[in-house]
Amino acid sequence: AEVAGDRSGEVIVSRNGLYPDYITQPSPMAKVEMRFAEFLRRIVPAAREPPLGPILGHGETCYLYGKSYLLDAVPALRADLKTPVCLGAEARPFQRLWISSPGCVTPLHYDLSNGFLCQVRGSKQVWLFDPAQFDRLYARGPQFPGLDNFERQTQVDIHHPDYDAFPEFRRATALECPLRQGDTLFIPSNWWHEVETLEPSISVQLAFAGGTVTSEL
C-alpha cells in the first residue's frame, strides 16, 4: 500500500465469487475503478479502521484479475520479478498479478500459453485435468482450441456435477494441488485448471509461449 496505494485500476467485484460467471443473469460481477489502497482494505480489513460498505452486496469478493497495470505504474514492483532460469536468458514471459479475497474462484478452463503460477502471499487450491480428458470436461466452445475465455471454460460445476447432463464427467480425474506462500505451479498449455482463493492472496503469473497455440501472448 505504501508503494502503490494511490494507483488506480480495474478491480472485479462478484456477488458469488465466480470469475467469470457466464451463467447467472443479470451478471453478478461488476468492473470497478478503484485505488489500490481501497482494494487492499476490502480484501484485508484493518482492525482499527471502520469496514467499507459493499459495492454489490454482503458477502461479495474482490479480484485484481490478471492485470499488469501496477507493474507498469511502479517499476520497482516489476524489478522484483525475475525470469526463471529454466526459461533461458532470452525469455521474456508476460507478467500478470492476481490479488484476491477469500472465496474468489476461477472456474475450470484451459489457457493457450504455458504458465508459472507463483504464490507470493496467502494460499489457493488448484484442481488440474490433463488435456487427454478434453472430451470428459464439456468445453463451452464447439471447437479446439476455443477462441476466447468463454469457449475454453467447462460447462460443469466440478464440485456439484450434473451427471445426467454431463455423463462423461464421471470418468474425469483431477489432480489437487494446494498452493502456499513460496510455491510455484507449472500449468502447461491446454491443461484445465480451477483455482480457489483460500485466504487473502497475491499471485504472479508468468505466461510464455508453448503448446498448441501461442496467440494469447
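Report on the accompanying structure. (Residues numbered from 1 in each chain as written. Predicted model: local features only at pLDDT ≥ 70, side-chain atom pairs only at ≥ 80, totals over all residues. Heavy atoms only, no water.)

With that settled, consider the overall build of the protein chain. Scanning the protein chain from N- to C-terminus turns up three helices and eleven strands. The C-alpha atoms of the protein chain give 18 Å as radius of gyration, which agrees with the globular expectation for 217 residues (17 Å, within 12%). Taken over the C-alpha atoms alone, the protein chain extends approximately 50 × 45 × 30 Å along its principal axes. Buried positions account for 44% of the 217 residues belonging to the protein chain. Across the protein chain, the fraction of contacts at a sequence separation of at least 24, relative to all contacts at a separation of at least 6, is 78%. As displayed, the protein chain offers around 11600 Å² of accessible surface, 53% of which is attributable to carbon and sulfur atoms. With 20 positive and 26 negative side-chain charges, the protein chain shows a spacing of 5 Å between the two charge centroids. (Helix = DSSP H or I, 4+ residues; strand = E, 2+ residues; numbered from the N terminus. Rg over C-alpha atoms; globule rule 2.2 N^0.38 Å. Buried < 20%, exposed > 50% of the residue type's maximum accessible area, 1.4 Å probe, protein only. Contact = heavy atoms within 4.5 Å. Areas by Shrake-Rupley, 256 points an atom, 1.4 Å probe, with all protein chains shown as cover. Lys, Arg positive; Asp, Glu negative; His and termini not counted. Charge placed at Lys NZ, Arg CZ, Asp CG, Glu CD.)

A few words now on the packing of aromatic side chains. Evaluated as defined, the whole model comprises 17 aromatic pairs. Ring plane angle 90 degrees and centroid distance 5.2 Å describe the contact between Tyr 63 and Tyr 65, whose orientation is recorded as edge-to-face. The class for Tyr 63 is buried, based on a relative accessible area of 2%. Each residue in the set Tyr 19, Tyr 63, Tyr 65 and Trp 98 is aromatic and connected to the rest through ring pairs, giving one cluster. Taking NZ or CZ as reference, Arg 170 lies 4.1 Å from the ring centre of Tyr 163, over its face. (Phe/Tyr/Trp six-rings, centres within 6.5 Å; stacked < 30°, edge-to-face > 60°. Lys NZ or Arg CZ within 6 Å of the ring centre and 35° of its normal.)

Looking at helix α1 (residues 36–43), one finds that the buried residues are Phe 36, Phe 39 and Ile 43. Summarising the axial view, the buried residues of α1 lie within an arc of 55 degrees, below the 170-degree limit, and thus occupy one face. Residues of α1 that are buried sit in contact with β1 (8–14), β2 (29–35), β3 (61–67), α2 (69–73) and β4 (94–100). (Arc of directions from axis to C-beta.)

This part takes up the side chain of Gln 125. Tracing the chain through its elements places Gln 125 in strand β7 (residues 124–129). Here Gln 125 falls in the buried class, since its relative accessible area comes to 14%. If we skip the residues at most four places from it in the chain, Gln 125 touches Glu 176, Cys 177, Pro 178, Glu 194, Val 195, Glu 196 and Leu 198.

Turning to the side chain of Glu 60, a few remarks are in order. With respect to the helices and strands, the residue Glu 60 is situated in the loop between α1 and β3. Here the side chain of Glu 60 touches Ile 55 through a polar contact of 2.9 Å, landing on its backbone nitrogen. A distance of 2.6 Å separates a polar side-chain atom of Glu 60 from the backbone nitrogen of Leu 56. Those residues in contact with Glu 60 that lie beyond four places of it in its chain are Val 13, Ser 14, Arg 15, Arg 42, Pro 54 and Ile 55. (Polar contact = N/O pair within 3.5 Å; in protein donor to acceptor, adjacent residues only side chain to side chain.)

This paragraph deals with the pattern of salt bridges. Scanning the model with the defined rule gives seven salt bridges in all. The salt bridge involving Arg 41 is made with Glu 49; its shortest N-O contact spans 2.8 Å. In this structure Glu 49 comes out as partly exposed when scored by relative accessible area, which is 38%. Note that Asp 72 and Arg 78 form a salt bridge whose closest N and O atoms lie 2.4 Å from each other. Residue classification places Asp 72 among the exposed positions, given a relative accessible area of 52%. Shared partners join several salt bridges into a network, and the residues in it are Glu 38, Arg 42 and Glu 60. (Salt bridge = Lys/Arg side-chain N within 4 Å of Asp/Glu carboxyl O.)

Shape descriptors only; they carry no functional weight alone.
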